[in-house]
2 protein chains.
Amino acid sequence: MPPILRTVVALVAILLVSPAFAQESDPLPSWNDGPTKQAIIDFVTKVSEPESGDYLPPQDRVATFDNDGNLWAEKPVYFQLLFAIDRVKALAPEHPEWKDKQPFKAAIEGDMKTLAASGEKGIAELVMASHAGMTPAEFQQIVSDWLATAEHPRFKRPYTDLVYQPMLELLSYLRDKGFTTYIVSGGGIEFVRNFSEAKYGIPPAQVVGSSIKTKYEVVDGVPTVMRLAEMNFIDDKDGKPIGITEHIGQRPIFASGNSDGDYQMLDWTTAGEGPRFGLIVHHTDAEREYAYDRDSKVGRLDKALTDAPEKGWVVVDMKNDWKEMFPPKE
Amino acid sequence: MPPILRTVVALVAILLVSPAFAQESDPLPSWNDGPTKQAIIDFVTKVSEPESGDYLPPQDRVATFDNDGNLWAEKPVYFQLLFAIDRVKALAPEHPEWKDKQPFKAAIEGDMKTLAASGEKGIAELVMASHAGMTPAEFQQIVSDWLATAEHPRFKRPYTDLVYQPMLELLSYLRDKGFTTYIVSGGGIEFVRNFSEAKYGIPPAQVVGSSIKTKYEVVDGVPTVMRLAEMNFIDDKDGKPIGITEHIGQRPIFASGNSDGDYQMLDWTTAGEGPRFGLIVHHTDAEREYAYDRDSKVGRLDKALTDAPEKGWVVVDMKNDWKEMFPPKE
């Protein structure tokens, strides 16, 4: 080692052991002190400190997060459904047949009751009509344009402002401690990828989600991937462990969700050997956000809430555990 | 900034501009100097140097690599097929019906001619019988056990020794220059994941490949992912751009393959806007490895070789471009 390098190494070493550096600042400033925050910090500390008996190497530190209602809000309905409705409205002039055909008629007229009554099948029809027939890059542009202009009906803010500040801090904290963070969403994989890097620091390749099929074709000599109006994979309930197996190739040690759609991901994650952590975000704050659980149509949290104590899953009480809800307006 | 930190920063700065550091060592020592090596270095340099007119940010630097015949050898046949045959032999006592049933009979008797005649359908039957009915973790153990003991018929070395030293250097070089490296293999995703981290430095989540379906079920109270005897996705030809879209979510800027199964990946990658690189590994070295291309059943390279000049793909002549073939025996 050249002398100058030796000097630098020595100085860095001195710096790292100095009290000023050893004293870490609060990694979760928007979380109120209490058992929830402490449980998270205890877990992260024990798996990331080599001298801990529960230490796991960084490659084992995989954390998966549901998106809707877990990283951003999901009321009055999933934001992606609002996107699909706006998209159907925008495309309506090219589809005169839609004005007499459900669920398109309901979407165009903003008749949410009829739309809801059309069920999963109706909503799937809306999604297919609005999400297919273009390349992934063209779809990204459409989503970007919508997110840049659409506004949440209650909060009067862009949808991407309605990400939970405490969860952003949790994602950063985990990454600082050597975790790899993934989104595992029932929502569309390409839709979520649109903002996952900018909003959550999660790159496109670390998003797992529902998808439609794509087709490869050479159009006028140009190699093209085209989005098809056909479901490929539904990343919800049983689909979450399956999607994780396919995309990530290993079982997470940390999983976070907010609804019964996350039950299987939480159960499979925490049933593994060694240290495991299951986190449930419980919507308890009607004033700052929404309060709902067992009876909600969107984001129903029933069985997972009942089984949480027995399974050892930590339940976030949004009203009491979180100091802040959304990031401040810019 | 505290004074001690200022001192360290100053020293690091001095160190970084010192001539000893500026002079980089050869990043590709097993590549002979010449146009192939130079083309790779020129491309990597121009996309990773901020002052270059072709600079791309690290998140755009996605590189995808075929595996069989591109990162490791694939002769006499794909190593995964040899694994499937050995596995069928090992399971044969539990399946007395196999000794009169093709393609199992041929596999058990080592009758490669009959096996080859059974075609894709026959090989798929072998794979299903040998790769399904267990959890991904159990499958990993079976693959590990096989790789630890099986030996290549010609080289008398473990299959995982038959990785190309020059390609290992290329993977490292790209990562050092801010690329993210992925495997995009026609082989089974879980099979390749078994050794991708240890041999290539590519973690399981950065492997895209063919897959069988999995099922989530709770067995005796234990949440379990089970591998099913049903194809899910074939990551070959058209499947490669589709698999990349699904898993990675962005078009690579660098792709490397060695057969017509990689044509679509190469074509789609290099048809994108901005700087792009397509690399073809041409097997020209019968002495140190194998020589084959247009007429080979395994790893046929025909159309991609014909179109390479027009498409601007760089063709590696293994015999002349590579100083070393495999890593030295330990």
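Note that the structure is predicted; figures quoted are calculated from it, not measured.

So, on to unusual backbone geometry. All names here are of chain A. K75 connects to P76 through a cis peptide bond whose omega is 5 degrees. Looking at the element boundaries, P76 is found in the loop between β1 (62-65) and α4 (79-91). If you check the backbone angles, K156 has positive phi at about 50 degrees while not being a glycine. Looking at where K156 falls in the secondary structure, it is placed in the loop between α8 (136-149) and α9 (165-176).

Before going further, it helps to spend a moment on the pairing of strand β6 (residues 277-284) of chain B. Residue and element names in this part refer to chain B. The buried fraction of β6 is high, at seven of eight residues. Of the strand pairs in this sheet, strand β5 (residues 254-257) and β6 are connected by four bridges, and their pairing is parallel. Paired with G257 across the bridge in β6 is I280. Between the parallel elements β5 and β6, the chain passes through helix α12 (residues 263-270) in a crossover that is right-handed. Of the pairings in the sheet, the one linking β6 to strand β8 (residues 314-317) comprises four bridges and is parallel in character. What sits directly across from H282, in β8, is D317. Where β6 and strand β7 (residues 291-292) come together, two bridges link them in antiparallel fashion. Pairing of T284 across the sheet is with A291, part of β7.

So, on to the packing of aromatic side chains. One pass over the structure, following the stated rule, counts 44 aromatic pairs over all chains. Ring geometry for F83 of chain A against W146 of chain A: centres 5.4 Å apart, planes inclined by 70 degrees, an arrangement best described as edge-to-face. Taken as a pair, F83 of chain A in helix α4 and W146 of chain A in helix α8 lie far apart in primary sequence, 63 residues in all. In terms of burial, F83 of chain A and W146 of chain A fall into one category: buried. Relative to F326 of chain B, the ring of F155 of chain B lies with its centre 5.2 Å away and its plane at 75 degrees, an arrangement referred to as edge-to-face. You can see F155 of chain B sitting in the loop between α8 (136-149) and α9 (165-176) and its partner F326 of chain B sitting in the segment after α14 (318-321), a full 171 residues away along the chain. In this structure, F155 of chain B and F326 of chain B share a single accessibility class: buried. Each member of the aromatic cluster is reached from another via a ring pair, and the members are W72, F79, F83, F139, W146, Y159, F191, F195 and Y200 of chain A. Over the aromatic face of Y290 of chain B sits the side chain of R154 of chain B, whose NZ or CZ is 4.9 Å from the ring centroid.

Any empty space left between atoms is shown by rolling a water-sized probe over those atoms. Applying the stated rule across the entire model yields one cavity of 30 Å³ or more. Estimates place the volume of the largest cavity at around 50 Å³. The wall of the largest cavity is formed by Y182, A205 and H247 of chain A together with Y182, A205, H247 and I248 of chain B. Of the residues assigned to the lining of the largest cavity, the class counts are five nonpolar, two polar and no charged.

The subject of this paragraph is the environment of E273 of chain B. Within the secondary structure layout, E273 of chain B lies in the loop between α12 and β6. Residue classification places E273 of chain B among the exposed positions, given a relative accessible area of 74%.

Moving on: the layout of surface pockets. In this structure, the second largest pocket occupies an estimated 1600 Å³ of space. Around the second largest pocket, the lining is made up of 48 residues, and of these Y78, E120, I123, G186 and D236 of chain A lie nearest the centre. Contributing elements (two or more residues each) for the lining of the second largest pocket: α4, α6 (112-117), α7 (119-131), β2 (180-188), α10 (189-200), β3 (207-219) and β4 (222-233) of chain A together with α11 (239-247) of chain B. With seven residues, α7 of chain A is the single largest residue contributor to the lining of the second largest pocket. Here the residues of the lining of the second largest pocket sort into 17 nonpolar, 16 polar and 15 charged.

Calculation notes
Residues numbered from 1 in each chain as written. Chains lettered and ligands numbered in written order. Predicted model: local features only at pLDDT ≥ 70, side-chain atom pairs only at ≥ 80, totals over all residues. Heavy atoms only, no water. Helix = DSSP H or I, 4+ residues; strand = E, 2+ residues; numbered from the N terminus. Buried < 20%, exposed > 50% of the residue type's maximum accessible area, 1.4 Å probe, protein only. Pairing = 2+ DSSP bridges. Right-handed = clockwise from strand over helix to strand, strands pointing away. Phe/Tyr/Trp six-rings, centres within 6.5 Å; stacked < 30°, edge-to-face > 60°. Lys NZ or Arg CZ within 6 Å of the ring centre and 35° of its normal. 1 Å grid on protein atoms, 1.4 Å probe; cavity = no way out; pocket = protein on both sides within 12 Å on 5 of 7 lines; lining within 4 Å. Points joined across faces, edges and corners; volume = space filled by probe spheres on them. Nonpolar A, V, L, I, M, F, W, Y, C, P; charged D, E, K, R; others polar.

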